[in-house]
Structure formats: structure tokens, C-alpha cells
Amino acid sequence: MEITGVIIKKQEEPTIGTSKAGNEWKKQSIVVNTGGDYPQLLQVDFMNAKCDQLTAFNVDSEVKVAINLNGKEYNGKYYTNITGWKVSNPDDEVTSADQNPARDDNFSF
């Protein structure tokens, strides 16, 4: 799933911690305004190596973010997280024509 919008808030430094299993992790968040007739303000969390992608973007940058929605129940309450796994400039889209240039299928056999 993908969302497109403008970064309105960015956590400057990733939060760093240690899991119960003793593994280190880091997390960095951005808030994206989707714009349009019914704009949404969505917080997207990036984990571990995915945080490094955020260095190329600042507040007011237009972005396209590939996300996963995660939901869970805890003590009768339900929680939803939005986890980002790729962030890019929406203008950097590769088209089918870019990937498959015209070719000459005129073989001489």
C-alpha cells in the first residue's frame, strides 16, 4: 500500500532501544499530510535500517511512502500502527516503458 503527501513533521533523531531478547533497534517517525478534499495526518514509523532513507527528506518534502498496516489487540483494546518500508520522491516513478524499451523483434532466421 502507498500514500502520497507532504511531510509536516519529522523526528530529528531516531529513538534507540533494546528488545527483551537483547537486540538493538531504532525507530524514526514522520507525519505525512495526504492533502486532497479530506486530508489525513498519518504518522509513519520506520524501523532499523529503513530509518536511513529519511535523511534525504525534510519537512515540506513531497513524498510517496510504501507502508504496511499492523493491528493488534491488548487487554481488550485494539491498536493500529503504520510502518513505512520505502520512502521516495513521487516524481521518481519508473514507468513500464522505462523498464522495457522498444526492441526490434525482426530476427533474420
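Up top is the structure these notes are about.
All values reported here derive from a predicted model rather than from experimental measurement. (Residues numbered from 1 in each chain as written. Predicted model: local features only at pLDDT ≥ 70, side-chain atom pairs only at ≥ 80, totals over all residues. Heavy atoms only, no water.)

Asker: Explain the nonpolar core to me, please; I cannot follow it from the model alone.
Answerer: Side chains of a nonpolar character, in soluble globular proteins, are inclined to be buried together. Among the nonpolar cores identified, the biggest contains 14 residues, and I30, V44, F46, V63, V65 and V87 are the most heavily contacted of them. Those elements giving two or more residues to this core turn out to be β1 (2–10), β3 (24–33), β4 (41–47), β5 (62–74) and β6 (77–88). Per-element accounting of this core gives the leading share, three residues, to β5. For I30, the residues in contact, after removing those within four places along its chain, are I7, K9, K10, L42, Q43, V44, F46, L54 and V65. (Core = buried A, V, L, I, M, F, W, Y, C linked by side-chain atoms within 4.5 Å. Buried < 20%, exposed > 50% of the residue type's maximum accessible area, 1.4 Å probe, protein only. Helix = DSSP H or I, 4+ residues; strand = E, 2+ residues; numbered from the N terminus. Contact = heavy atoms within 4.5 Å.)

Asker: How should the pairing of β3 be read in this particular structure?
Answerer: As a general feature of sheets, a regular strand has side chains that alternate between the two faces. The pairing of β1 with β3 spans four bridges and is classified as antiparallel. When the sheet's bridge partners are listed, V6 is paired in β3 with N33. Sheet topology note: the strand β2 (residues 15–18)/β3 ladder contains four bridges and is antiparallel. Paired with I16 across the bridge in β3 is K26. Linking two consecutive strands that pair antiparallel, namely β2 and β3, is a turn of five residues; a positive phi of about 90° is found at G22 within it. In terms of strand pairing, β3 meets β4 through seven bridges, oriented antiparallel. (Pairing = 2+ DSSP bridges.)

Asker: Any chance you could explain the pattern of salt bridges here in plain terms?
Answerer: Opposite charge on two side chains permits them to pair, given that their charged atoms come into close proximity. Following the criterion strictly, the structure yields two salt bridges and no others. For K26, the salt bridge identified is with D52, shortest N-O distance 3.2 Å. Of this pair, K26 sits in strand β3 while D52 sits in the loop between β4 and β5; the two residues are 26 residues apart in sequence, bridging distant segments of the chain. Among the residues examined, D52 registers a relative accessible area of 46% and is labelled partly exposed. Between K27 and D45 there is a salt bridge, and its shortest N-O distance comes to 3.9 Å. Separated by 18 residues along the polypeptide, K27 in strand β3 and D45 in strand β4 bring together distant segments of the chain. (Salt bridge = Lys/Arg side-chain N within 4 Å of Asp/Glu carboxyl O.)

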